[in-house]
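Below are the chains, spelled out letter by letter.
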Amino acid sequence: MPFIIFDEAHKVGFKPIDSDHKKIASLANKLYRSVSKNDLSSFSLTFSEFLNALELHFRNEEKLMKENNFPGYYSHKLEHDRFYNQVLSFTKNKPGKKIIIEPAKLERIRNWFFNHIEINDRKCGEFLINKGF
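1. Focus: the packing of aromatic side chains
Then comes step 1: What the rule picks out here adds up to eight aromatic pairs.
Then comes step 2: With centroids separated by 4.9 Å and ring planes inclined at 75 degrees, the aromatic side chains of Y73 and Y74 adopt a geometry described as edge-to-face.
Then comes step 3: What makes Y73 buried here is its relative accessible area of 9%.
Then comes step 4: Both rings, one in F83 and one in W112, keep their centres 3.7 Å apart while their planes meet at 5 degrees; by these two values the pair is stacked. Highlighted residues: F83 in helix α3 (residues 73-90) and W112 in helix α4 (residues 103-130), separated in sequence by 29 residues. For the pair F83 and W112, one class covers both residues: buried.

Below, the structure is given as structure tokens:
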């Protein structure tokens, strides 16, 4: 069973955002599998992909919000920045140690992902749809 199930109920209705969310969920599932198997080489590669996907998604979403004067832009961006930095902090280890995330930290990623979609991204998606996208 996947770690994150991204289905119709989790879509915000704005295709570019939903597509990014689906990719992020897929990468989180790959991270979970590599952690479960203690596969450090797979984890490192997937973690890098995960960070890149987050960064690209946040940048694209923030650009859309800013260009369209989304009223919640600043708080939404702050939430992105906090989460991204939190995910980065999960992997900070002593020099020479291999990077791996504890399962409890993956739970935080999943919880944040669904809370963020439900509370913030739905508003953003509705706003953009109402703007004619």
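The rest of the description comes next.
2. Points about the packing of helix α1 (residues 15-36) against helix α2 (residues 40-67)
Then comes step 1: Between α1 and α2, the least distance of the axes is 9 Å, while the angle of their chain directions is 160 degrees. For the element pair α1 / α2, the angle class is roughly antiparallel. Crossing handedness for the pair α1 and α2: left-handed. Only S42, F43, T46, F47, E49, F50, A53, L54, H57, N60 and E61 of α2 make contact with α1, whose side of the interface consists of I17, D20, H21, K23, I24, L27, A28, K30, L31, S34 and V35.
Then comes step 2: Across the contact of α1 with α2, the residue classes tally to 11 nonpolar, six polar and five charged.

3. Here's the deal with the packing of α1 against α4
Then comes step 1: In contact at an axis separation of 12 Å, α1 and α4 are set at 175 degrees when each is read in the N-to-C sense. One finds that α1 runs roughly antiparallel with respect to α4. Note on element contacts: α4 touches α1 through P103, L106, F113, I117, D121, C124 and L128, opposite I17, H21, I24, A25, L31, Y32 and V35.

Calculation rules
Residues numbered from 1 in each chain as written. Predicted model: local features only at pLDDT ≥ 70, side-chain atom pairs only at ≥ 80, totals over all residues. Heavy atoms only, no water. Phe/Tyr/Trp six-rings, centres within 6.5 Å; stacked < 30°, edge-to-face > 60°. Buried < 20%, exposed > 50% of the residue type's maximum accessible area, 1.4 Å probe, protein only. Helix = DSSP H or I, 4+ residues; strand = E, 2+ residues; numbered from the N terminus. Axes fitted to C-alpha atoms, helices over the stretch in contact; angles between N-to-C directions. Parallel < 35°, antiparallel > 145°, perpendicular 65-115°, else oblique. Left-handed = near helix turned anticlockwise from the far one by under 90°. Contact = heavy atoms within 4.5 Å. Nonpolar A, V, L, I, M, F, W, Y, C, P; charged D, E, K, R; others polar.

Coordinates in, geometry out; function isn't part of it.
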